[in-house]
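# Inside the fold
As a plain string of letters, each chain reads:
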Amino acid sequence: MQVSVETTQGLERKMTIAVPSEKVDSAVNTRLQEAARNVKLNGFRKGKVPFKVIKSKFGAGVRQEVVGELMSQSFYEAIDQESLKPAGQPSIDPKNLNEGEDLEFVATFQVYPEITLPDFSKNEVQRLNADISEADIDEMIETLRKQKQSWEPAERAAAAQDMVNIDYAGSLDGEAFEGGTAQGTNLVLGSERMIPGFESGIEGKSAGDVFTLDLEFPEEYHNKELSGKKVAFEITLNTVSEQALPAIDEEFYKSFGVEEGGLEAFREEVTSNMRRELKTASRNKLKNKIMDSLVDSVDAEIPDALVSAEIGQLRQQALQQFGGGGQNIDASMLPDELFKEQAARRVLLGLVLGEVIQQQELKADPTKVREAIEELAATYESPDEVINWYYGNQEQLATIESNVLEDQVFDYIIEQSTVIEKTLPYQEVIQPEPKASEETAGEDSKAEA
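Heads up: these notes are all about the structure in this document. What you see is a predicted model, and the numbers here were worked out from it, not measured in a lab. (Residues numbered from 1 in each chain as written. Predicted model: local features only at pLDDT ≥ 70, side-chain atom pairs only at ≥ 80, totals over all residues. Heavy atoms only, no water.)

## Quick notes on the pattern of salt bridges
Applied cut-off: In the sections that follow, a salt bridge refers to a side-chain nitrogen of Lys or Arg positioned within 4 Å of a carboxyl oxygen of Asp or Glu. The helix and strand labels rest on DSSP assignments: H or I over at least four residues marks a helix, E over at least two residues marks a strand, and numbering proceeds from the N terminus.
Overall, the coordinates contain 20 salt bridges when judged by the stated rule. Across the pair Arg267 and Asp138 runs a salt bridge, and its minimum N-O distance is 2.9 Å. Of this pair, Arg267 sits in helix α6 (residues 262–297) while Asp138 sits in helix α3 (residues 134–147), placing them 129 residues apart in sequence. Through salt bridges with shared partners, one network takes in Arg283, Lys287, Lys368, Glu406, Asp407 and Asp411.

## Observations concerning the side chain of Ser241
What counts is decided by this rule: The buried label goes to any residue with under 20% of its type's maximum accessible area, the exposed label to any with over 50%, and the partly exposed label to all in between, with areas taken from a 1.4 Å probe on protein chains only. Here, two residues are considered to be in contact whenever any of their heavy atoms come within 4.5 Å of each other.
The topology assignment puts Ser241 in strand β10 (residues 230–244). The class for Ser241 is buried, based on a relative accessible area of 13%. Residue contacts for Ser241: discarding those within four places in its chain leaves Trp151, Glu152, Pro153, Ala154, Asp162 and Met163.

## Overview of the nonpolar core
Put simply, the rule is: For our purposes a nonpolar core is just a set of buried Ala, Val, Leu, Ile, Met, Phe, Trp, Tyr and Cys residues, chained together by side-chain atoms within 4.5 Å.
Counting residues in hydrophobic clusters, the biggest one holds 33 residues, and the most contacted among them are Ile115, Phe120, Ile290, Leu294, Val352 and Ile413. Broken down by secondary-structure element, the contributors of at least two residues to this core are α6, α7 (304–324), α8 (337–360) and α11 (394–416). Core analysis: the next-biggest nonpolar cluster, separate from the first, contains 25 residues, Val164, Leu226, Val231 and Phe233 among them.

## A look at the environment of Gln427
Considering the arrangement of structural elements, one finds Gln427 in helix α12 (residues 426–430). Placed 288 residues apart in sequence, Gln427 and Glu139 show a C-alpha to C-alpha distance of 9.8 Å.

## Description of the pairing of strand β4 (residues 103–110)
What counts here: We call two strands paired when DSSP finds no fewer than two bridges between them.
Along β4, six of the eight residues are buried, which leaves the element largely enclosed by surrounding structure. Sheet analysis places strand β2 (residues 12–19) next to β4, joined by eight bridges and oriented antiparallel. Bridge assignment links Val19 to a residue of β4, and that residue is Leu103. Direction of pairing for strand β3 (residues 91–96) relative to β4: antiparallel, over a ladder of five bridges. Bridging across to β4, Ile92 finds its partner in Ala107. Where β3 folds back on β4, the antiparallel hairpin that results is connected by six residues, among which Gly100 adopts a positive phi of roughly 90°.

## Considering helix α9 (residues 366–377)
Condition: A helix is expected to span 1.5 Å for every residue after the first. The arc in question is the one traced by the directions running from the helix axis out to the C-beta atoms. Pairing of N or O atoms within 3.5 Å defines a polar contact, subject to two protein rules: one partner must be a possible hydrogen donor and the other a possible acceptor, and residues neighboring in sequence count only if both atoms are side-chain atoms.
Helix length check: α9, at twelve residues, gives a terminal C-alpha distance of 16 Å against a target of 16 Å (1.5 Å per residue), a fit within 8%. By the burial criterion, the buried members of α9 are Val369, Ile373 and Ala377. Projected down its long axis, α9 carries its buried residues within an arc of 70°, all on one side. With a side-chain oxygen positioned 2.9 Å from the backbone nitrogen of Thr367, the residue opening α9 is Asp365.

## Thoughts on the packing of aromatic side chains
Note the following rule: Put simply, two rings from Phe, Tyr or Trp (the six-membered ring, in Trp's case) pair if the centres are within 6.5 Å, and we call them stacked under 30 degrees between planes, edge-to-face over 60, tilted for the rest. For a ring to carry a charge above it, either NZ of a lysine or CZ of an arginine must fall within 6 Å of the ring centroid while also lying within 35 degrees of the normal to the ring plane.
In the structure shown here, the tally under the stated rule is 14 aromatic pairs. Ring plane angle 80° and centroid distance 5.3 Å describe the contact between Phe198 and Phe233, whose orientation is recorded as edge-to-face. Here Phe233 lies in strand β10 and Phe198 lies in helix α4 (residues 198–202), a separation of 35 residues in the sequence. Both residues of the pair, Phe198 and Phe233, count as buried. By way of ring pairs, the aromatic residues Tyr168, Phe177, Phe198, Phe217, Tyr221 and Phe233 are connected into one cluster. The ring of Tyr112 carries Lys85 above its face, with NZ or CZ at 4.5 Å from the centroid. A cation over a ring is seen here: Lys205 above Phe211, with NZ or CZ 4.8 Å from the ring centre.

## Some thoughts on the sheet that holds β3
In plain terms, the rule: Helix axes use the C-alpha atoms of the stretch in contact, all axes being lines fitted to C-alpha atoms, and the angles between their N-to-C directions lie in the range 0 to 180 degrees.
If you walk across this open sheet you meet the four strands as β1-β2-β4-β3, and the pairing is antiparallel. Looking at strand neighbours, the two that pair on one side only are β1 (2–7) and β3, the edges of this open sheet. The average angle at which neighbouring strand axes cross in this sheet is 20°, direction not considered. Pairing geometry for β1 and β2, over six bridges, is antiparallel. Within β2, the residue paired with Glu6 across the bridge is Lys14.

## Focus on the packing of α3 against α6
The condition is simple: Between 65 and 115 degrees an angle is taken as roughly perpendicular, under 35 as roughly parallel, over 145 as roughly antiparallel, and anywhere else as oblique.
Where α3 contacts α6, the two axes come as close as 10 Å, and the packing angle between them is 95°. By the angle between their axes, α3 is roughly perpendicular relative to α6. Across from Glu134, Asp136, Ile137, Asp138, Met140, Ile141 and Leu144 in α3, the residues of α6 making contact are Phe266, Arg267, Val270, Thr271, Met274 and Glu277.

## Here we look at the environment of Leu103
Relative to the helices and strands, Leu103 resides in strand β4. On a C-alpha basis, the gap between Leu103 and Ser241 in space is 78 Å, while along the polypeptide they are 138 residues apart. Non-local contacts of Leu103, meaning those with residues more than four positions away in its chain, are made with Ile17, Ala18, Val19, Val24, Val67, Leu70, Met71, Asn96 and Leu97.

## Considerations on the side chain of Ser417
Examined against the element boundaries, Ser417 turns out to sit in the loop between α11 and β11 (418–423). At 2.7 Å, the side chain of Ser417 forms a polar contact with the backbone oxygen of Ile413.

## Quick look at α3
Across its 14 residues, α3 extends 20 Å between first and last C-alpha, which sits within 8% of the 20 Å expected from 1.5 Å per residue. For α3, the complete set of buried residues consists of Asp136, Ile137, Met140, Ile141, Leu144 and Arg145. Residues of α3 that are buried sit in contact with α5 (250–255), α6 and α12.

Written as structure tokens, this is what we have:
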């Protein structure tokens with residue numbers, strides 16, 4: 001087999017491969033001989049059809065099949081011979097498929113870039129800590145009460161935080177617009193689900209009131225046909241309900257799994273969960289800072305095929321999220337550009353982390369894998385069954401191992417970096433950081449913001 005490699009531009013390689021005709025003919029003849037043992041043709045007994053007849057009838061199709069297999073096989077042999085690492089599938093361009101002549105084809109593909117790791121000792125990152133105060137615990141308990149809240153009819157005018165049931169019909173220049181009408185919909189005032197002025201305009205109204213709100217869609221509204229437009233909403237207020245929070249008593253404790261020990265045991269359980277949440281939030285923010293630093297400090301060309309594959313994954317995740325909301329979204333409505341920047345960032349991070357793994361010869365620590373599985377299993381009624389399930393499911397176990405290995409990479413980078421400890425209030429530490437370029441989508445034309 002003859003192989004020549006040409007660097008066209010950047011990461012792209014053009015590899016010309018020639019496979020001797022003898023190898024092609026031999027493979028075709030072998031395949032035809034195998035077929036001859038099972039072929040049935042009128043006038044011949046099974047397995048007794050002359051080879052010349054077999055070749056005449058099936059030769060062209062078998063040759064096409066064999067040539068396709070040989071091109072694939074030869075490509076992988078060639079990249080191994082030339083020590084190349086393709087990023088994605090190649091584009092194959094046959095140059096000579098004539099019988100009796102050498103098979104020749106050109107494979108065009110991109111290779112993985114060389115990654116030069118930054119000097120991690122020059123990294124300076126901030127690790128956030130917090131002291132959990134009694135006031136923080138009280139606030140968390142109030143949050144838990146709200147999670148268990150119910151709604152009771154209120155014989156008064158609607159106020160912020162109330163839940164109202166409404167009918168509404170929106171119109172633009174006197175004409176109804178798509179998605180602007182709903183019947184019997186529940187809305188919590190102050191949730192900011194609707195466009196500005198909608199929810200506040202209901203406050204002070206009572207059940208049975210019918211009224212009109214003159215509003216304006218925001219300029220940045222996702223439906224361009226409505227952005228910045230003045231509209232009118234005729235609203236019928238059906239019911240007003242107010243929050244009813246559960247009492248902090250034994251029943252409340254039991255609903256969170258605390259069967260004994262009363263308030264003291266419940267506060268201890270809440271504090272323990274808050275510490276875990278604090279630890280996770282602090283580490284995630286530290287990892288995010290490191291990832292930002294890596295993206296800024298590593299300059300490498302990224303293979304298009306890897307970015308395209310990542311875009312496909314991000315699009316699929318988005319479609320699943322939309323599907324969970326009951327929306328029928330066509331994939332074509334989500335263009336590549338929507339995900340390209342995020343995909344490129346993720347690919348670059350993956351390449352950098354992979355280089356660290358390779359250079360440091362890191363492998364998932366079995367002890368840490370076990371700890372991770374036990375931590376997951378602890379949230380189930382039968383932890384041992386869950387642990388056994390993970391170890392009996394190679395795909396799920398591989399996911400845990402991958403996560404653990406990623407954590408080990410970050411642990412290595414953190415150890416090399418200068419870490420500055422900073423103490424903040426608990427709520428500030430656990431508050432998620434806003435994404436730099438988060439794309440959101442809502443229902444196409446409803447009044448929801």
